[in-house]
Amino acid sequence: LSTPTLDASTSGWAGQAGWTVSRETTTYHSPPASLKALATGSPGANTGPFYTLAGKAKPGTRYYGSVWAYSATAGLVVSMSIQSSVGAALKTIGSVTLAANTWTKVEGIGTFGTGQSGDLYLAITSAATSTNDYIIFDDLLFVEMTASIDDYNFRRLFHKNSSFTGDPAADS
């Protein structure tokens, strides 16, 4: 599985239900660019940018996903979810509430169910979202987990957030 890049283009990405996506070159977590999701209408809950993994993700396989998110608007909730197709029920694997003008990491572990074709879906789940609010995403990672490593050690290996303490109870 190849992680979709946010640096080169928006190819493969789309917005839904009141969102548009574009390449952002002035605000990013790491250069040269990021993906900007702009609220252009009245976005509903569980909507936002998405990238299809159809034919790439394997049913019954566990994946680790992370993405950095940024907004000028405090209180927006950003969730990383997987789903079998656009419009299908979401399975949230990670969620955070954004502070204004601060990069925050969203991460989690999820399993595509049997028969799921797989869309990687970054959902905006805040009812407070209004027209012209935006969220910028960068440094997306979405990788298959191996059977030889448990969830805690996998997060420890890939965690770049300073809040990681090394205590399995605190970091779960």
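Conventions we followed
- Residues numbered from 1 in each chain as written.
- Predicted model: local features only at pLDDT ≥ 70, side-chain atom pairs only at ≥ 80, totals over all residues.
- Heavy atoms only, no water.
- Helix = DSSP H or I, 4+ residues; strand = E, 2+ residues; numbered from the N terminus.
- Buried < 20%, exposed > 50% of the residue type's maximum accessible area, 1.4 Å probe, protein only.
- Areas by Shrake-Rupley, 256 points an atom, 1.4 Å probe, with all protein chains shown as cover.
- Phe/Tyr/Trp six-rings, centres within 6.5 Å; stacked < 30°, edge-to-face > 60°.
- Lys NZ or Arg CZ within 6 Å of the ring centre and 35° of its normal.
- Pairing = 2+ DSSP bridges.
- Axes fitted to C-alpha atoms, helices over the stretch in contact; angles between N-to-C directions.
- Polar contact = N/O pair within 3.5 Å; in protein donor to acceptor, adjacent residues only side chain to side chain.
- Contact = heavy atoms within 4.5 Å.
- Salt bridge = Lys/Arg side-chain N within 4 Å of Asp/Glu carboxyl O.

Asks: What is the right way to look at the overall build of the chain in this model?
Replies: Looking only at helices and strands, one finds 2 helices and 10 strands in the chain. N-terminal to C-terminal, the α/β element order of the chain is β-β-β-β-β-β-β-β-β-β-α-α. Put simply, the chain has 172 residues, and 41% of those count as buried. Carbon together with sulfur atoms contributes 50% to the accessible area of the chain, which is approximately 7,700 Å² in total.

Asks: Is there a simple way to think about the packing of aromatic side chains in this case?
Replies: Both the distance between ring centres and the angle between the ring planes are used here to describe each pair of aromatic rings. Per the counting criterion, the structure on display carries 3 aromatic pairs. Where Tyr70 meets Trp103, the ring centres are 5.1 Å apart and the plane angle is 35 degrees; that geometry is what we call tilted. Placement of the pair is Tyr70 in strand S5 (residues 62-70) and Trp103 in the loop between strand S7 (91-97) and strand S8 (104-111), with a sequence separation of 33 residues. Note on Tyr70: relative accessible area 14%, which makes it buried. Note that Lys36 overlies the ring of Tyr134, its terminal NZ or CZ placed 4.7 Å from the centroid.

Asks: In this structure, what is going on with the sheet that holds strand S3 (residues 34-39)? I would like to understand it.
Replies: Backbone hydrogen bonds are what pair the strands of a sheet, in a parallel or an antiparallel way. Within the open sheet, the 5 strands sit side by side as S2-S3-S10-S5-S8. Their pairing is antiparallel. Across the chains shown, the open sheet's two edge strands, defined by having one partner strand only, are strand S2 (19-24) and S8. The mean angle between the axes of side-by-side strands here comes to 30 degrees, regardless of whether they run parallel or antiparallel. With 7 bridges connecting them, S5 and strand S10 (residues 134-144) associate as antiparallel partners. Residue pairing across strands places Tyr70 opposite Ile136, the latter belonging to S10.

Asks: Mind showing me how you'd approach the side chain of Glu107 here?
Replies: Take Glu107: it is sitting in strand S8. Residue class for Glu107 comes out buried when judged on its relative accessible area of 18%. At a separation of 2.3 Å, a polar atom in the side chain of Glu107 contacts the side chain of Tyr64.

Asks: Would you mind showing me how to read the environment of Ser95 here?
Replies: Tracing the backbone shows Ser95 in strand S7. For Ser95, a relative accessible area of 43% translates into the label partly exposed. Sequence separation of Ser95 and Ser81 is 14 residues, and the distance between their C-alpha atoms is 8.7 Å. Not counting the four nearest positions on each side in its chain, Ser95 is found in contact with Val77, Val78, Ser79 and Val106.

Asks: Would you take a moment to explain the pairing of S5 for this structure?
Replies: Most of S5 is tucked away: 8 of the 9 residues are buried. Bridge count for S5 against S8 is 8 bridges, and the pairing is antiparallel. If you follow Gly65 over to S8, its bridge partner there is Gly108.

Asks: Which parts of the structure should I look at to understand the pattern of salt bridges?
Replies: Side-chain pairing between opposite charges can occur once the charged atoms of the two side chains come close. Counting across every chain of the model gives 1 salt bridge. As a salt-bridge pair, Glu107 and Lys105 come within 4.0 Å of each other at their nearest N and O atoms. Take Glu107 and Lys105: they sit in the same class, and that class is buried.

Asks: Mind showing me how you'd approach unusual backbone geometry here?
Replies: With the exception of glycine, most residues fall at negative phi, and the peptide bonds are largely trans. The amide bond that connects Pro31 to the next residue, Pro32, takes the cis arrangement and shows omega of 10 degrees. Residue position: Pro32 is located in the loop between S2 and S3. Even without a glycine there, the phi angle at Asp139 is positive, about 55 degrees. You can see Asp139 is positioned in strand S10.

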